[in-house]
Amino acid sequence: MSTYNFGNINGPANIGDHGRMEINPHAPATEALVRLADGLIAALRAEYPVLVGHGEVIRGAFVESMGDGGPPNRGRIRSALETISIGAAAGTGSLAFTQQLMQVLGL
């Protein structure tokens, strides 16, 4: 076993991203985000049908963003994601998709 001290790998050598992700809030939505929203809607249909409308709001915001080339409506998306996260139980696919979208969007 080596005894060499590597120190802080995110320190002076500037290796890594220092725990930060670069998220451009002004970028239009992508096909990947729409597919992620589709997965959320499918999970909601199976687990919480009453929340499907909130998933469709998110998907609609992404599709609208792709159509006009502007950023997605983050306020509308945040509100829908918060509503889903309140209603979805821990360990469900719905909550996993919700958390993934929040992370990707930096919300």
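Structure: see above.
Bear in mind the structure is a predicted one, so any value in this text is a computation, not a measurement.

Enquirer: Explain helix H1 (residues 31-47) to me, please; I cannot follow it from the model alone.
Expert: Each turn of an α-helix holds 3.6 residues, which means side chains three or four residues apart point in the same direction. Compared with an ideal rise of 1.5 Å per residue, which puts 17 residues at 24 Å, H1 spans 24 Å between its outermost C-alpha atoms and is within 8% of the ideal. Turning to H1, its buried residues are Leu33, Val34, Leu36, Ala37, Gly39, Leu40, Ile41, Ala43 and Leu44. Considering only its buried residues, H1 is in contact with helix H2 (52-68), helix H3 (74-87) and helix H4 (93-105).

Enquirer: Help me understand the pattern of salt bridges, please; the structure alone is not making it clear to me.
Expert: Note that side chains of opposite charge can pair when their charged atoms are close. Per the stated rule, a full pass over the model turns up three salt bridges. The salt bridge involving arginine 59 is made with aspartate 38; its shortest N-O contact spans 2.4 Å. Highlighted residues: arginine 59 in helix H2 and aspartate 38 in helix H1, separated in sequence by 21 residues.

Enquirer: How do you make sense of the packing of H3 against H4 when you look at a structure like this?
Expert: To characterise two packed helices, one gives the angle between the axes of the helices and the distance between these axes. Their axes nearest at 10 Å, the elements H3 and H4 cross at an angle of 150°. What the angle tells us is that H3 and H4 run roughly antiparallel. The chirality of how H3 crosses H4 is left-handed. Side by side, H3 and H4 meet where Arg74, Ile77, Leu81, Glu82, Ile84 and Ser85 of the first sit next to Leu95, Thr98, Leu101, Met102 and Leu105 of the second. Looking at the contact of H3 with H4, its residues break down into seven nonpolar, two polar and two charged.

Enquirer: For this particular structure, what's the right way to read the side chain of threonine 98?
Expert: In this structure, threonine 98 sits in helix H4. In this structure threonine 98 comes out as buried when scored by relative accessible area, which is 0%. Only 2.8 Å separates the side chain of threonine 98 from the backbone oxygen of serine 94, close enough to count as a polar contact. The contacts of threonine 98, once residues within four sequence positions are left out, are Leu40, Leu81, Ile84 and Ser85.

Enquirer: Help me understand the nonpolar core in this model?
Expert: One recurring pattern in soluble globular proteins is that nonpolar side chains are buried together. Residues Leu44, Ile58, Phe62, Ile77 and Leu101 are the most contacted members of the largest nonpolar core, which totals 22 residues. If you list the elements that add at least two residues to this core, you get H1, H2, H3 and H4. The element contributing the most residues to this core is H1, with seven residues.

Enquirer: Mind showing me how you'd approach the side chain of threonine 92 here?
Expert: Inspection of the secondary structure assignment puts threonine 92 in the loop between H3 and H4. Using a relative accessible area of 18% as the deciding quantity, one classes threonine 92 as buried. Apart from residues no more than four positions distant in its own chain, threonine 92 is found in contact with Glu47 and Tyr48.

Each value, and the rule that gives it
- Residues numbered from 1 in each chain as written.
- Predicted model: local features only at pLDDT ≥ 70, side-chain atom pairs only at ≥ 80, totals over all residues.
- Heavy atoms only, no water.
- Helix = DSSP H or I, 4+ residues; strand = E, 2+ residues; numbered from the N terminus.
- Expected span 1.5 Å × (residues − 1).
- Buried < 20%, exposed > 50% of the residue type's maximum accessible area, 1.4 Å probe, protein only.
- Contact = heavy atoms within 4.5 Å.
- Salt bridge = Lys/Arg side-chain N within 4 Å of Asp/Glu carboxyl O.
- Axes fitted to C-alpha atoms, helices over the stretch in contact; angles between N-to-C directions.
- Parallel < 35°, antiparallel > 145°, perpendicular 65-115°, else oblique.
- Left-handed = near helix turned anticlockwise from the far one by under 90°.
- Nonpolar A, V, L, I, M, F, W, Y, C, P; charged D, E, K, R; others polar.
- Polar contact = N/O pair within 3.5 Å; in protein donor to acceptor, adjacent residues only side chain to side chain.
- Core = buried A, V, L, I, M, F, W, Y, C linked by side-chain atoms within 4.5 Å.

Don't take any of this as a statement about function, it's just geometry.
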